[in-house]
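Spelled out from the first residue to the last, the chains are:
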Amino acid sequence: MSLLVVGLSHRSAPVSVLERAALSADAQAKLLQDTVAAEPATEAGVLATCNRIELYADVDKFHAGVAELSTLLAQHSGVGLEELTPYLYVHYEDRAVHHLFSVACGLDSMVVGEGQILGQIKDSLARAQELHTAGRLLNDLFQQALRVGKRAHSETGIDRAGQSLVTFGLEQLAAGGDVTAWARGKRALVIGAGSMSSLAAATLARAGVAEIVVANRTFDRAERLAQILAENGEPVILSRAVPMESVPAELARADVAVSCTGATGLVLTAEAVAAAVEGRTAAPVAPALADGRPEQAAVRPLPPTSAGTDEGCPLDLSAVQPGFSLMGEAAVAGMDAATLEQHATWAAGQAVDRREAARRPEADAELITALAATAAAVGRIPERRRPEPDPVPVRPEPALFLLDLAMPRDVDAAAHRLAGVRLVDIESLAEASADAPMAADVDQVRRIVSDEVAAFGAAQRAAHITPTVVALRAMAADVVAGEIARLDGRLPGLDDRHRAEITQTVRRVVDKLLHAPTVRVKQLAAEPGGAGYADALRTLFDLDQETVASVSRAEDSTEKNAENRGPA
């Protein structure tokens, strides 16, 4: 087994890079075909989800395989190799198996324990089988990954370690509250009719929304999803399908919208979202600057303080240098003695004789000390001449909730800044789930993964030597047949009963001689580093390499017929 995986995910790359590297269905198919056409790879599979892109291959050379798979990922994703390389991870042989099994169990998901990844792995396997890029290794690998994932969910409480991405996203929209209470009676718009959008629609229906409108570029698929929701909803829910052209109008009357399409551009711009919530909040929808910063808040003067009015204050606040503080000793630092004395008299509430103060040309150290003490005791100097910005206004309660589960994103990130809008997307979900508590069941799932990886590796190594063992037994059977034929030539009068007894005896002798070595060689080959036993067996018994290869081809043909009946 020379399994290699090269990929990137939410753990290794920022959402902006994942967004740009996202592969369409056509791009995935072309990537698979180009991978098996490349020299180092004989099999290929692509696992592409909203937060990971991984290319699996059976390669005969590690370094050449890494270079080729990385280059192919860059070419088909449209992200330059130099830019993509820092975010790529590589797993080989048992580590690659461990990675996929962990992914299948939800250990590597953005929300630990989510089960949607199993369906995505199944789709990946089906795509590779349809394009004939999956051979024995990848078929075994992905089939076993599905079984390991199902085992983890059935034998442990990994489901409790985290919710599905849809449920977690809805919880974020509900600000951590009860999703059912938050969703009850709301009007929902679902954009897209794929697996993720369908799951979101079903989740919203169970939560008790009053209506679900489904929009999709292929209207028939939207109609089909709306019909399923209407027929299977408990209680019965009002659902209908609309074309994509109706999204702006439906968004204007929706309370919550979920979008997950395969579009390469934005489905909902910030302007469209702003138009949808216009007039639905008490506060105006805040415009955004071109660079993404909100407009500067208005400023207002502060009210007077307890130090008295600023009338007659000799301190020219307008001439104060930037960074100058009006509090404590710093308020008088650097002032000449005449100004200090006037300020002290004014701060004490007495009349200021500017002529007398003007006759004192030098500062008095005691006066400065007394002034500092007075300023500290009296308090803050009035600041009505120094305007300060208003505090940031409180955002109004959201009138429109947006959940963007697409990669690349469907909803303009600028919608985050619109008043009356709460947007949760893949990036904010990643931030929210970073510190999510993990259940104790995760440790049990990790043990399951480790055990299954060891078993899979042993089975693959044992399978690797099986054609050699079969060829050895076939050679032994040919030797027995040849010797019986020679015996017939020497003893032509031998009756059938004695011939059969002799033949059976010779076969038993050969089987007993081969039994222990073949059993032992399978055990040794199943252990790490046991791949060389097949070569040793072929050398010791002078087995024809073509005979061994023909056995392998026969087994592959049998397995391919089974694969055509569909994945498990």
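Higher on the page you've got the structure.
Definitions and limits used
Residues numbered from 1 in each chain as written. Predicted model: local features only at pLDDT ≥ 70, side-chain atom pairs only at ≥ 80, totals over all residues. Heavy atoms only, no water. Helix = DSSP H or I, 4+ residues; strand = E, 2+ residues; numbered from the N terminus. Buried < 20%, exposed > 50% of the residue type's maximum accessible area, 1.4 Å probe, protein only. Contact = heavy atoms within 4.5 Å. Salt bridge = Lys/Arg side-chain N within 4 Å of Asp/Glu carboxyl O. Patch = residues over 30% accessible without salt bridge, like charges linked within 9 Å, V, L, I, M, F, W, Y side chains within 5 Å. Areas by Shrake-Rupley, 256 points an atom, 1.4 Å probe, with all protein chains shown as cover. Pairing = 2+ DSSP bridges. Axes fitted to C-alpha atoms, helices over the stretch in contact; angles between N-to-C directions. Expected span 1.5 Å × (residues − 1). Core = buried A, V, L, I, M, F, W, Y, C linked by side-chain atoms within 4.5 Å. 1 Å grid on protein atoms, 1.4 Å probe; cavity = no way out; pocket = protein on both sides within 12 Å on 5 of 7 lines; lining within 4 Å. Points joined across faces, edges and corners; volume = space filled by probe spheres on them. Arc of directions from axis to C-beta. Polar contact = N/O pair within 3.5 Å; in protein donor to acceptor, adjacent residues only side chain to side chain. Nonpolar A, V, L, I, M, F, W, Y, C, P; charged D, E, K, R; others polar.

Of regular secondary structure, the protein possesses 21 helices and 12 strands. In the protein, which comprises 568 residues, the proportion classed as buried is 45%. At a minimum sequence separation of 6, the contacts of the protein that also span at least 24 residues come to 74%.

What follows is about the pattern of salt bridges. Scanning the model with the defined rule gives 19 salt bridges in all. Across the pair Arg-253 and Glu-211 runs a salt bridge, and its minimum N-O distance is 3.2 Å. One end of the pair, Arg-253, is in helix H12 (residues 247–253); the other, Glu-211, is in strand E6 (residues 211–215), with 42 residues separating them in the sequence. For Arg-253, a relative accessible area of 34% corresponds to the partly exposed category. Taking relative accessible area as the criterion, Glu-211 reaches 6% and is therefore assigned buried. One connected set of salt bridges, linked through shared partners, spans Arg-11, Arg-52, Glu-54 and Asp-108.

As a further point, take a nonpolar patch on the surface. Together, Met-475, Val-479, Leu-540 and Phe-541 make up an exposed nonpolar region whose accessible area comes to about 360 Å². Note on placement: Leu-540 falls in helix H20 (residues 532–540). Leu-540 sits in the exposed class, given a relative accessible area of 69%.

In this section: unusual backbone geometry. In this structure, Glu-93 takes a positive phi of about 50 degrees despite not being glycine. When you line up the elements, Glu-93 lands in the loop between strand E4 (89–92) and helix H5 (94–104). A positive phi angle, close to 60 degrees, is found at His-132, a residue other than glycine.

With respect to topology, four strands assemble into an open sheet ordered E2-E3-E1-E4, the strand pairing being antiparallel. Across the chains shown, the open sheet's two edge strands, defined by having one partner strand only, are strand E2 (41–49) and E4. Ignoring strand direction, the axes of neighbouring strands in this sheet form an average angle of 15 degrees. As judged from the eight bridges shared by E2 and strand E3 (residues 52–59), these two strands associate in the antiparallel manner. Across the sheet, Thr-49 pairs through a bridge with Arg-52, a residue of E3. Against the sheet, helix H7 (residues 136–155) touches strand E1 (3–9), E2 and E3, its axis set at about 30 degrees to E2.

To continue, consider helix H2 (residues 25–37). Helix length check: H2 (13 residues) gives 19 Å between terminal C-alpha atoms against 18 Å at 1.5 Å per residue, within 8%. The set of residues buried in H2 consists of Ala-27, Gln-28, Ala-29, Leu-31, Leu-32 and Thr-35. Residues of H2 that are buried make contact with E2, E3, helix H3 (62–77) and helix H6 (116–130).

This brings us to the nonpolar core. Burial of nonpolar side chains together is a common tendency in soluble globular proteins. Counting residues in hydrophobic clusters, the biggest one holds 66 residues, and the most contacted among them are Leu-165, Trp-182, Ile-212 and Leu-405. Looking at this core, the element that brings in the most residues is helix H10 (residues 195–207), giving six residues. Beyond its immediate chain neighbours, meaning those up to four positions away, Trp-182 contacts Leu-170, Leu-173, Ala-174, Val-256 and Phe-401. If you look at the next biggest cluster of nonpolar residues, it comprises 34 residues, including Val-5, Leu-100, Ala-128 and Ala-134.

On to empty space enclosed by the protein. Taken as a whole, this structure holds six cavities of 30 Å³ or more when the rule is applied. In this structure, the largest cavity spans a volume of roughly 110 Å³. Around the largest cavity sit 14 residues that line it, and Thr-49, Asn-51, Ser-109, Glu-114 and Gln-120 are the ones nearest its centre.

Residues of H20 that are buried include every one of Ala-534, Leu-537 and Arg-538, and no others. Down the axis of H20, the smallest arc covering the buried residues is 95 degrees, so these residues share one side. Exposed residues on H20 whose side chains face more than 90 degrees from its buried face are Thr-539 and Leu-540. At the exit of H20 stands Asp-542, carrying a positive phi of roughly 50 degrees.

All right, on to the side chain of Thr-518 then. By the secondary structure assignment, Thr-518 is in helix H19 (residues 496–526). The class for Thr-518 is buried, based on a relative accessible area of 5%. Within the structure, the side chain of Thr-518 is placed 3.3 Å from the side chain of Arg-473, a separation counted as a polar contact. A distance of 3.0 Å separates a polar side-chain atom of Thr-518 from the backbone oxygen of His-515. Dropping the residues within four chain positions of it, Thr-518 is found in contact with Val-469, Leu-472 and Arg-473.

Now for the layout of surface pockets. Its volume calculated, the largest pocket comes out at about 1200 Å³. Breaking the lining of the largest pocket down by element, the ones donating at least two residues are H2, E2, E3, H6 and H10. Per-element accounting of the lining of the largest pocket gives the leading share, six residues, to H6. In terms of residue class, the lining of the largest pocket is built from 16 nonpolar, 17 polar and five charged.

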